[in-house]
Amino acid sequence: MSGRSFGPNSPKSFNAYPRGEFDVESLTFKSLRRPKNSELKPTKMFKSFANRIQHYYKLHPLLVFFISLSFGVAILVVLSFYESRHQMMSTSYGKYDLGQRSDQFSKLKNLVMVAGHSVYTSKSCGKVDSEDSWFLESYQKHPGQAATFLEHIQEGVVAVAKDDAALLLFSGGETRKDAGPRSEAQSYWLVAESKGWFGEQENVRWRALTEEHARDSFENLLFSVCRFREVTGTYPQNITVVSYDFKEERFASLHRSAIGFPESRFFYVGTPASATSVEAAKKGEALVRTQFQEDPYGCLGSLHRKKLGRDPFHRSIPYPRGCPEIEDLFHYCGTALYPGTLPWS
């Protein structure tokens, strides 16, 4: 049994039912007809479609013309829409014509940057010159310290009030964990607001903004330059920095050289530290200045670790998206000065 074949050619095999369709009326089987291949080749389909178009065109030439025109216009509109969206997504800042800007900020040419040193934590602005109103590190807890912050804010406002082409930027990020997610820059702006901009509200307030990501003095300067470009569409012609007088060499020499900004266009307004903190401040500054001499961009060793410690809320830094022309400077890390070309050099 196992050796016998029961395939279709086997003599033992038989068809139980004839192949075909059973006709109920005649009670007979009809042989199946194989359907013809109804698939049209692409060329035949195209010719058929073209013939129909030609036929309709002969019958209704104007109608076919307007339909074709409308279809073409619709395609152009769709393509134009997607092209514009693609350009908006792929084109970085600065690729557009800066001369097309017409807002009030485009007229500003000079930068006045006030470097932040603390976060304002009081629930009211009634005691801005009180140390209890600010979050102070141990080395800052000296009588009169809060008054120095207020003096920096006022000096920045005064400098901008004297220059109609200046933009005021308060610079400083969310650097203190226990102070909460509040930035130094926003703290200074709010204090200036509470003081009525020291009598210069109408003149200064509209051109006083913030840079809220800097974690050290070098970033105060670099990020503010980028923020200026982001706001005005150009880079500053002149830069004025407001901070403590004992930090002048750090800003005016080390940081200015690190970004390659011309010395003749860089200015510094320094105010004294509180009387009880001068000696300790100068000693600490000497150490930090030495560190920046060895690491001009604060990207190595202790300066880099300090910078990371001043970002307790893990904020993403948006720069250099607002200043694409100096993107390489942002990514540069080395002990030698940046060798590339810069917009102001």
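Our structure's up above, just so we're on the same page.
Numbering of residues begins from 1 in every chain and follows the order in which that chain's sequence is written. Only residues with pLDDT of at least 70 are given local features in this predicted model, and only at 80 or more are side-chain atom pairs given and counted; all residues enter the totals for whole chains, interfaces and linings. Note: side-chain values were computed over all heavy atoms of the structure, leaving out hydrogens and water.

### So, unusual backbone geometry
For the bond from Tyr-319 to Pro-320, the omega torsion is 10 degrees, close enough to zero to count as cis. Helix and strand assignments come from DSSP, with helices taken as H or I runs of at least 4 residues and strands as E runs of at least 2, each series counted from the N terminus. Note on placement: Pro-320 falls in the loop between α9 (301-309) and α10 (327-331). Of note in this structure, His-314 is not a glycine but carries a positive phi near 55 degrees. Buried residues are those whose accessible area, probed at 1.4 Å on protein chains only, stays under 20% of the maximum for their type, while exposed residues exceed 50% and partly exposed ones sit between those limits. Overall, His-314 belongs to the exposed group, its relative accessible area being 67%.

### With respect to the side chain of Arg-250
Here Arg-250 lies in helix α7 (residues 248-258). A polar side-chain atom of Arg-250 sits 2.8 Å from a polar atom in the side chain of Ser-217. Under the rule applied, a polar contact is a pair of N or O atoms within 3.5 Å (in protein, one hydrogen donor and one hydrogen acceptor; residues adjacent in sequence only if both atoms are side-chain atoms).

### Details of the sheet that holds strand β3 (residues 110-115)
Ordered in space as β7-β6-β3-β8-β9, the five strands form an open sheet in which the pairing is parallel. Whereas interior strands pair on both sides, the edge strands pair on one side only; in this sheet they are β7 (208-211) and β9 (266-271). The average angle at which neighbouring strand axes cross in this sheet is 25 degrees, direction not considered. Note on pairing: DSSP must find at least two bridges between two strands before they are called paired. Where β3 and strand β8 (residues 238-244) come together, five bridges link them in parallel fashion. Its bridge partner lying in β8, Met-113 is registered against Val-241. Where helix α4 (residues 184-194) meets the sheet, it contacts β3, β6 (166-171) and β7, and its direction lies at approximately 120 degrees from that of β6. Axes here mean lines fitted to C-alpha atoms, for a helix over just the part in contact, with angles spanning 0 to 180 degrees between N-to-C directions. In this description, contact between two residues means that some pair of their heavy atoms is separated by no more than 4.5 Å.

### A look at the state of the cysteines
The disulfide criterion used throughout: a pair of cysteine sulfur atoms within 2.5 Å. Enumeration according to the criterion identifies two disulfides in this entry. What pairs with Cys-226 in a disulfide is Cys-323, and their sulfur atoms sit 2.0 Å apart. In this structure, the disulfide formed by Cys-226 and Cys-323 twists by about -95 degrees around the S-S bond and is classed as left-handed. Here Cys-323 lies in the loop between α9 and α10 and Cys-226 lies in helix α6 (residues 217-232), a separation of 97 residues in the sequence. When the cysteines of the chain that form disulfides are numbered from the N-terminus onward, they connect as 1-3, 2-4.

### As for the pattern of salt bridges
The rule for a salt bridge is simple: a side-chain nitrogen of Lys or Arg has to be within 4 Å of a carboxyl oxygen of Asp or Glu. Taken as a whole, this structure holds 12 salt bridges when the rule is applied. A salt bridge links Arg-215 to Glu-219; the nearest nitrogen and oxygen atoms lie 2.7 Å apart. Residue Arg-215 shares its accessibility class with Glu-219, and that shared class is buried. Close ionic contact of Arg-229 with Glu-325 constitutes a salt bridge, the shortest N to O distance being 2.9 Å. Of this pair, Arg-229 sits in helix α6 while Glu-325 sits in the loop between α9 and α10, placing them 96 residues apart in sequence.

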